[in-house]
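# Fold and contact review
The primary structure of each chain is shown beneath.
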Amino acid sequence: MKFPIYWLELFIRQSLKLPCLLSYPLAGKGHAYFALLGHNTIRLRNMIQKALVTGGTGFIGSHLVETLLKRGSEVRCLVRNKLDLKWLHGLPVELIEGHCHNINSLREAVKGVDQVFHSAGVTKAIDEKTYFEVNAIGTKNLIQACIETNPNLKKFIYLSSQAAAGPCQSNGRKRESDECLPVSPYGRSKRKGEEFCLELSSQIPMIIIRPSAVYGPRDRDVFAFFKILSKGIKPQFSKREQRISLCYVLDVIEAILLASESKSSEGEIFFISDGQDYRLDRMGDLFTEALNLHAHQIYVPGWIISWVASASELLSRFTKRPPLINRGKVEEMMQENWLCDITKAKTLLGYEPQFPLAVGLKITYEWYLKERWL
Ligand SMILES: NC(=O)c1ccc[n+]([C@@H]2O[C@H](COP(=O)([O-])OP(=O)(O)OC[C@H]3O[C@@H](n4cnc5c(N)ncnc54)[C@H](OP(=O)(O)O)[C@@H]3O)[C@@H](O)[C@H]2O)c1
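Just so we're clear, the structure is a prediction, and the values are computed from it rather than from any experiment. (Residues numbered from 1 in each chain as written. Predicted model: local features only at pLDDT ≥ 70, side-chain atom pairs only at ≥ 80, totals over all residues.)

## Concerning the pairing of strand 11 (residues 268–272)
In summary, the side chains of a regular strand alternate between the two faces of the sheet. As a reminder, the rule being used: Here the C-beta atoms are placed from the backbone, and a residue counts as buried if at least 20 other C-beta atoms lie within 10 Å of its own, exposed if 12 or fewer do, and partly exposed otherwise. By definition, any uninterrupted DSSP run of H or I lasting at least four residues is a helix, any uninterrupted run of E lasting at least two residues is a strand, and each is numbered from the N terminus. A pair of strands counts as paired when DSSP detects no fewer than two bridges linking them.
Among the five residues in strand 11, four count as buried, and that is most of the element. Note: strand 6 (residues 206–211) against strand 11, five bridges, orientation parallel. The partner of isoleucine 209 across the bridge, within strand 11, is phenylalanine 270.

## Things to note about helix 7 (residues 185–199)
Selection rule: By this rule, a helix spans an expected 1.5 Å times one less than how many residues it contains. Here, residue contact means that the backbone-derived C-beta atoms of the two residues sit within 7 Å.
Helix length check: helix 7 (15 residues) gives 21 Å between terminal C-alpha atoms against 21 Å at 1.5 Å per residue, within 8%. Where burial is concerned, most of helix 7 is hidden: eleven out of the 15 residues are buried. For helix 7, every residue scored as buried is listed here: Pro185, Tyr186, Gly187, Arg188, Ser189, Lys190, Arg191, Gly193, Glu194, Phe196 and Cys197. Residues of helix 7 that are buried in the fold lie against helix 5 (128–149), strand 5 (155–159), helix 6 (162–165), strand 6, strand 11 and helix 12 (327–333).

## A few points about the sheet that holds strand 3 (residues 94–97)
Convention followed: Axes, fitted as lines to C-alpha atoms, cover a helix only where it is in contact. Angles between the N-to-C directions of the axes lie from 0 to 180 degrees.
Judged by pairing direction, the sheet is parallel, and its seven strands sit side by side in the order 3-2-1-4-5-6-11 without closing on themselves. The strands lining the two open edges of the sheet, one partner per strand, are strand 3 and strand 11. When strand polarity is set aside, the average angle formed by the axes of neighbouring strands in this sheet is 20°. Strands in contact with helix 4 (residues 103–110) are strand 1 (50–54), strand 2 (74–79), strand 3 and strand 4 (115–118); relative to strand 3, the strand with the most contacts, it is inclined by about 160°.

## Description of the sheet that holds strand 9 (residues 243–244)
In spatial order, the strands read 12-9-14; together these three strands make up an open sheet with mixed pairing. Across the chains shown, the open sheet's two edge strands, defined by having one partner strand only, are strand 12 (278–279) and strand 14 (337–338).

## Section: helix 10 (residues 283–291)
Condition: Directions from the helix axis toward the C-beta atoms define the arc.
Residues Met283, Gly284 and Phe287 constitute the buried set of helix 10. All buried residues of helix 10 fall inside an arc of 100° around its axis, so they share one side. Against the buried residues of helix 10 lie helix 8 (221–230), strand 8 (233–236), strand 12, strand 13 (296–299) and helix 14 (357–370). Backbone geometry just after helix 10 places asparagine 292 at a positive phi near 55°.

If you want it as structure tokens, here you go:
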């Protein structure tokens, strides 16, 4: 009987205006690893804020919801289907059924909240139109609902992506002030979402977070790489020197929360990563070293990946399900430099990444094993 304890604590905590301390880490399957992590990255606060999270059923959104609950916020989630709550199942959140194109549901969702965390988005879609409809128009709809229904909103956080900025054109790390040159439909749609945010930022206090590739428990994209490694194969997708930034999911959450509290960064964009530079061609070695696995290196030439992406896209037209890899993703994978500079987030938000790659990978791998994904 774990959930009743949680609900009881929630009631006492909210009556006394206290943050969550005890029962949350016990709250059930899939969440126990939080107990091991401790609370060192999450500062408990005793001020109750009411937050709306979109995309709460997803990878990053679900971690955000849990962290907000832990720090004592009241959380409302916009969900597409109340009968399919995924990672939100059993959590004490208020649910509003709707989606990014149902304006009435958005108005209801934003009513009376202090903060909006917009994490809903599509990272894989069957066509280009869907990326724009959800990531760009959906974002605009949500902002407009805030302006109309909740003009006193304290903060709107838009979870954008490094893909919106595109790869770094020089040998260094991309900065927020650099020109945006996205190379995929996904990246272009996220950039359009950012442009809507910036256009309307004079009416709503707004901050844009641009994470690099994010990994951690519940992720299904980097998981594909773990899965191949667990079969004893270490794929090498490139022989060129390609560099990327990565970030563990709880570091992204910390950055989002710092942004939500920032008083002076409205209208600003922040890159977020763990601050390290990684070589894509050495990714297999980095993973096997961190996880103490043995695997044989196999070079997969670019033309095979392109072929698989084209075939997957074709197949997805029949299955009506987005492919795991598509030509846009391949275009992203072919770029030489996906490094981003997090100096601005460190300076203005006080962001300090807490999870080195080896630690984040270990936690993630153990979670996949525990949940029998591997
Ligand atoms: N994962 C990364 O590496 C990464 C990196 C940088 C930025 N981001 C950004 O972070 C955000 C979250 O990514 P994620 O990896 O957590 O994705 P995810 O696991 O696929 O979750 C996406 C979420 O968006 C919801 N959603 C999709 N279409 C919607 C719509 N039309 N209306 C309302 N909700 C909708 C999904 O709801 P259902 O459960 O109903 O499908 C789900 O909750 C995205 O905006 C993404 O662009 C992700």
